[in-house]
Amino acid sequence: MEEKEFIQNLLNPKTQNKAFQKLLLEYQRPLYNHIRNIILSHDDTDDVLQNTFVKVFQNLKNFKGESKLFSWMYRIATNEAITFINKKAKQNGSSSEFLKTKIIENLEADSHFDGNAIQLKFQKAIVNLPEKQQLVFKMRYFEEIKYEEMSTILKTSVGALKASYHHAVKKIEIFMIKD
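Thresholds applied
Once a new chain begins, its residue numbering starts again from 1 and follows that chain's sequence as written. Local features in a predicted model are, by the rule used here, given only for residues with pLDDT of at least 70; side-chain atom pairs are given and counted only at 80 or more, and totals for whole chains, interfaces and linings are based on all residues. Where side-chain values are given, they derive from all heavy atoms of the structure, hydrogens and water being excluded. Segments assigned H or I by DSSP are reported as helices when at least four residues long, segments assigned E as strands when at least two residues long, and all are numbered from the N terminus. Three exposure classes are used, based on accessible area relative to the maximum for each residue type with a 1.4 Å probe and protein chains only: buried under 20%, partly exposed in between, and exposed over 50%. With axes taken as lines fitted to C-alpha atoms, and helix axes fitted only over the stretch in contact, angles between N-to-C directions fall between 0 and 180 degrees. Note on terminology: angles under 35 degrees are roughly parallel, angles over 145 are roughly antiparallel, angles of 65 to 115 are roughly perpendicular, and the others are oblique. The sense of a crossing depends on the near helix, which, turned anticlockwise from the far helix by less than a right angle, makes the crossing left-handed and, turned clockwise, makes it right-handed. Contact criterion: two residues are considered in contact whenever any of their non-hydrogen atoms come within 4.5 Å of each other. The residue classification treats Ala, Val, Leu, Ile, Met, Phe, Trp, Tyr, Cys and Pro as nonpolar and Asp, Glu, Lys and Arg as charged. All others, Gly included, are polar. Take the buried residues of types Ala, Val, Leu, Ile, Met, Phe, Trp, Tyr and Cys, join any two whose side-chain atoms come within 4.5 Å, and each joined set is a nonpolar core.

Visitor: I would appreciate a short explanation of the overall build of the chain in the present structure.
Guide: Looking only at helices and strands, the chain features 9 helices and 0 strands. Taken over 179 residues, the chain has a buried fraction of 44%.

Visitor: For this particular structure, what's the right way to read the packing of helix H7 (residues 131–141) against helix H8 (residues 147–154)?
Guide: A packed helix pair is summarised by two numbers, namely the angle formed by the two axes and the spacing between the axes. Taken N-terminus to C-terminus, the directions of H7 and H8 make an angle of 135°; their axes are 11 Å apart at the nearest point. By the angle between their axes, H7 is oblique relative to H8. The handedness of the crossing between H7 and H8 comes out as right-handed. Contacts from Lys 132, Leu 135, Val 136, Met 139 and Arg 140 in H7 reach Tyr 147, Met 150, Ile 153 and Leu 154 in H8. A breakdown of the residues in the contact of H7 with H8 according to their chemical character gives 7 nonpolar, no polar and 2 charged.

Visitor: Could you clarify how one ought to interpret unusual backbone geometry in this entry?
Guide: Across the chain, the bulk of peptide bonds are trans and the bulk of non-glycine residues have phi less than zero. Unusually for a residue other than glycine, Glu 144 sits at a positive phi of about 55°. On the basis of relative accessible area, Glu 144 is assigned to the exposed category, the value being 63%. Notably, Lys 155 is not glycine yet its phi reads approximately 55°, a positive angle. Its place among the elements puts Lys 155 in the loop between H8 and helix H9 (158–177). On the accessibility criterion, Lys 155 (66% relative accessible area) is exposed.

Visitor: What should I look at first to understand the side chain of Ser 71 in this one?
Guide: One can find Ser 71 in helix H4 (residues 69–92). Overall, Ser 71 belongs to the buried group, its relative accessible area being 3%. Setting aside chain neighbours within four positions, we find Ser 71 in contact with Glu 149, Thr 152 and Ile 153.

Visitor: For this particular structure, what's the right way to read the environment of His 34?
Guide: Mapped onto the elements, His 34 comes out in helix H2 (residues 16–39). For His 34, a relative accessible area of 0% puts it in the buried group. Taking C-alpha positions, His 34 is 9.2 Å from Thr 45, a pair spaced 11 residues apart along the chain. Beyond its immediate sequence surroundings of up to four residues, His 34 is in contact with Tyr 74, Ala 77, Thr 78, Leu 135, Met 139 and Glu 143.

Visitor: What's the story with the nonpolar core in this structure? I'm lost.
Guide: What tends to happen in soluble globular proteins is that the nonpolar side chains get buried as a cluster. If you look at the biggest cluster of nonpolar residues, it comprises 46 residues, and the most contacted ones within it are Leu 23, Leu 69 and Met 73. When residues in this core are grouped by element, the largest group, 10 residues, is from H4. The residues contacting Leu 23, other than those within four sequence positions of it, are Phe 6, Leu 10, Gln 28, Phe 53, Val 56, Leu 69 and Met 73.

What follows is the structure, encoded as structure tokens:
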């Protein structure tokens, strides 16, 4: 099915439920993985994923088709994840450094994280990156999103994304070599 036809099915009250079920089936896993890469907590990821699909459903009528549906949904998921992290930090009255420490502590205690000491150190290195570099690194490294698509999602130039990724890799290398 063509994307335009699929979007029409999502907007049509007669076909909306079936089309939205298909949307969930097709995009739930990749969006979950994307949000989980940002938030790291399984439980929080589920909440943000649910909020993402609610926003997608509520705003589908505003989708202009200037990008792929998947890119548009990715942007919503990214914004929801970042909003969640900022809101959580503000609620706790904590600094980003404190929040980074808490994220790693939660990851160490998370029964859904099955990584070893090197993987944990790798996650610590990523968490210590500036937010933009962290996001670009995760999207490129874990999700293998092309720079052109990432540019659409994040509304940033390809050159800036490549530079962010390069700087992130260098910082991670330095962090991993320490100790």
